[in-house]
Number of protein chains: 4
Amino acid sequence: MTEPVDPALARGQSVLAQQPFSVLLGAELSVFAPGQAEIRLPIRQELRQQHGFVHGGVLAYLADNALTYAGGSSLSGQIVTAEMKINYTRPAIGELLIARASVVSAGRTQAVARCDVFVVAGGVEKLCAAAQGKIAASPAPNDPKE
Amino acid sequence: MTEPVDPALARGQSVLAQQPFSVLLGAELSVFAPGQAEIRLPIRQELRQQHGFVHGGVLAYLADNALTYAGGSSLSGQIVTAEMKINYTRPAIGELLIARASVVSAGRTQAVARCDVFVVAGGVEKLCAAAQGKIAASPAPNDPKE
Amino acid sequence: MTEPVDPALARGQSVLAQQPFSVLLGAELSVFAPGQAEIRLPIRQELRQQHGFVHGGVLAYLADNALTYAGGSSLSGQIVTAEMKINYTRPAIGELLIARASVVSAGRTQAVARCDVFVVAGGVEKLCAAAQGKIAASPAPNDPKE
Amino acid sequence: MTEPVDPALARGQSVLAQQPFSVLLGAELSVFAPGQAEIRLPIRQELRQQHGFVHGGVLAYLADNALTYAGGSSLSGQIVTAEMKINYTRPAIGELLIARASVVSAGRTQAVARCDVFVVAGGVEKLCAAAQGKIAASPAPNDPKE
């Protein structure tokens, strides 16, 4: 894992540590650079569904969070994922999940990013999900009137 | 909550109880009928992100699971969510999440469904996410060759 | 078809008539009310692909445009579809396409809407595509810096 | 443009020529290789909307078709785009559109692919849309029972 001598990475890790849900799942931010983010999540029994695969919701969480970090690296203020789409491409069976996201288009208040989620089994990475979404600076994604 | 005298609902609840991730989060299947499913999730601190809202990954999990149940009600065999898209429409602040999914098109091996996720605050339901996705019977969503 | 005595509908039809692509395809705005829009498109040979079905791109155009109208009914200023997702549920074979869109969440500058696209064959409507997307008021969807 | 001495490309171009809608729009298949496809579309007035940008439906058509070609290169039989998602990232103003799609995951009967759509203005390519979708071999995407 990258050592947190990188100030941006250290700051990103600090934010992740403030997300109770990420702490519950055990996610670790391993890369955080302009337009890029990587989050790792060791697989354990609590993250699975009834067939023994990692639950799709875990993969969606990882994609959502990696997209937000990647997009947030190029935006200022409070950042949220406004929307995303995910294709599950393979049952996630293995020891570790790695989500890698990168920005494809960034504006002042919004960014579009993509994320590949890999499952590592026996040291081999295989794609298990592919996502794409939009990250927006505050206000809230759909700024409801009320 | 609906009483599990309904055999289909009881069977669905039994499957949910076999999903370690759903147990970790505390999800409850409250409706399971042909083409319909409702999953409830009490909000607690562990499900939040750093701003105090429920983490988007939790909403994505709920949508994914409700879509799978709704689609699975009209398909046979092992069921997976092949893909989905989610728009976050409002920060989820409140006591309870309710995800309601319904099938819009069903075939022999696939179904397309939609899901609305509501946050309940002070007894009032408000939409916080809207999703759409495809549910597929086995084999795995993208049946990788290897 | 609804008679254009409705000022909002007449205004919407006037905008559609200013879209050269909509004129090329032959689209007609048949409903335009707060949070709602319906666009009709008679099927002709030029809209098909090699198997005789309407080309998926035509269905995507219809969904995109109906979503924009539905969302635009609750937003002010220049309106664009920021993003959308479409599931094709049935080969579109028939005489007429009808896209019906409705807003599920509206804010000041953005709206999330859904759209069902039906194909009419022998007078019977059948769903051939289901879409969901976000509509945004100006500036451009991703407001690129350059 | 690539010269059609490549048999696969020539075959792909022949299929495109059988799509009346692609002929109506003026699309040209410029790359067709395993897991890859590129489609070009000269911009003309008929493809625009009321603000002078290329209509989003045209970009969606291009993405849909490029995804289908890319996915179809690794599948056999009749191929359809089952679903896709598109983010519009920039108003498309220029002389030419180029859609480049590549497969990220392929199975026996399905493939997931991504597509970038560029607008060329004054010889400079800029991303105007990013898409992701699933391509399926026959039967129809949702194989309706009726």
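See the structure above.
As the structure is a computational prediction, the values presented were derived from the model and not from experiment.

Turning next to the overall build of chain A. For chain A, the helix and strand inventory stands at 3 helices and 6 strands. In terms of C-alpha radius of gyration, chain A reaches 15 Å, essentially the compact-globule figure of 15 Å for 146 residues. Along the first, second and third principal axes, the C-alpha set of chain A runs to 40 × 40 × 25 Å. Every one of the 146 residues in chain A was classed for burial, and the buried ones make up 59%. Within chain A, contacts between residues at least 6 apart in sequence are counted, and of these 60% link residues at least 24 apart. Accessible surface for chain A amounts to roughly 5,000 Å². Of this, 55% is attributable to carbon and sulfur atoms. Here chain A carries 12 positive and 12 negative side-chain charges, and the mean point of each set is 6 Å from the other.

Here the focus is the packing of helix H1 (residues 7-17) of chain B against helix H3 (residues 56-72) of chain B. Each packed pair of helices is defined by two parameters, the angle between the axes and the distance between the axes. Residues and elements named next belong to chain B. It is at 12 Å that the axes of H1 and H3 come closest, and there the two elements cross at 140 degrees. Between H1 and H3, the crossing angle belongs to the class labelled oblique. In the packing of H1 onto H3, the handedness of the crossing is right-handed. Judged by residue contacts, Gly12, Val15 and Leu16 of H1 engage Tyr61, Asn65 and Tyr69 from H3. Its residues assigned to classes, the contact of H1 with H3 shows 4 nonpolar, 2 polar and no charged.

Moving on, we come to the sheet that holds strand S2 (residues 36-42) of chain B. Taken in spatial order, the 12 strands of this open sheet run S1(A)-S2(A)-S4(A)-S5(A)-S6(A)-S3(A)-S3(B)-S6(B)-S5(B)-S4(B)-S2(B)-S1(B), and their pairing is antiparallel. Each having just a single partner strand, strand S1 (28-33) of chain A together with strand S1 (28-33) of chain B make up the two edges of the open sheet. Adjacent strand axes in the sheet meet at a mean angle of 20 degrees when their direction is disregarded. Note that strand S3 (residues 79-88) of chain B and strand S6 (residues 124-137) of chain B share 9 bridges and pair antiparallel. Bridging from a neighbouring strand, B:Lys85 pairs with B:Gln132 of S6(B). With respect to the sheet, H3(B) is in contact with strand S3 (79-88) of chain A together with S1, S2, S3, strand S4 (96-106), strand S5 (110-121) and S6 of chain B, its orientation differing from that of S3(B) by roughly 135 degrees.

The next point concerns the interface of chain C and chain D. Across the boundary between the two partners, chain C contributes 43 residues, which contact 43 residues of chain D. Summed over both sides, the interface between chain C and chain D buries roughly 3,500 Å², with carbon and sulfur atoms accounting for 60% of that surface. In this assembly, chain C and chain D are joined by 2 salt bridges. C:Glu83 is the partner of D:Lys85 in a salt bridge, and the nearest nitrogen-oxygen pair spans 2.8 Å. Where chain C meets chain D, there are 18 residue pairs in polar contact (both at pLDDT 80 or more).

Thresholds applied
- Residues numbered from 1 in each chain as written.
- Chains lettered and ligands numbered in written order.
- Predicted model: local features only at pLDDT ≥ 70, side-chain atom pairs only at ≥ 80, totals over all residues.
- Heavy atoms only, no water.
- Helix = DSSP H or I, 4+ residues; strand = E, 2+ residues; numbered from the N terminus.
- Rg over C-alpha atoms; globule rule 2.2 N^0.38 Å.
- Buried < 20%, exposed > 50% of the residue type's maximum accessible area, 1.4 Å probe, protein only.
- Contact = heavy atoms within 4.5 Å.
- Areas by Shrake-Rupley, 256 points an atom, 1.4 Å probe, with all protein chains shown as cover.
- Lys, Arg positive; Asp, Glu negative; His and termini not counted.
- Charge placed at Lys NZ, Arg CZ, Asp CG, Glu CD.
- Axes fitted to C-alpha atoms, helices over the stretch in contact; angles between N-to-C directions.
- Parallel < 35°, antiparallel > 145°, perpendicular 65-115°, else oblique.
- Left-handed = near helix turned anticlockwise from the far one by under 90°.
- Nonpolar A, V, L, I, M, F, W, Y, C, P; charged D, E, K, R; others polar.
- Pairing = 2+ DSSP bridges.
- Buried area = accessible area lost by both parts, 1.4 Å probe.
- Salt bridge = Lys/Arg side-chain N within 4 Å of Asp/Glu carboxyl O.
- Polar contact = N/O pair within 3.5 Å; in protein donor to acceptor, adjacent residues only side chain to side chain.

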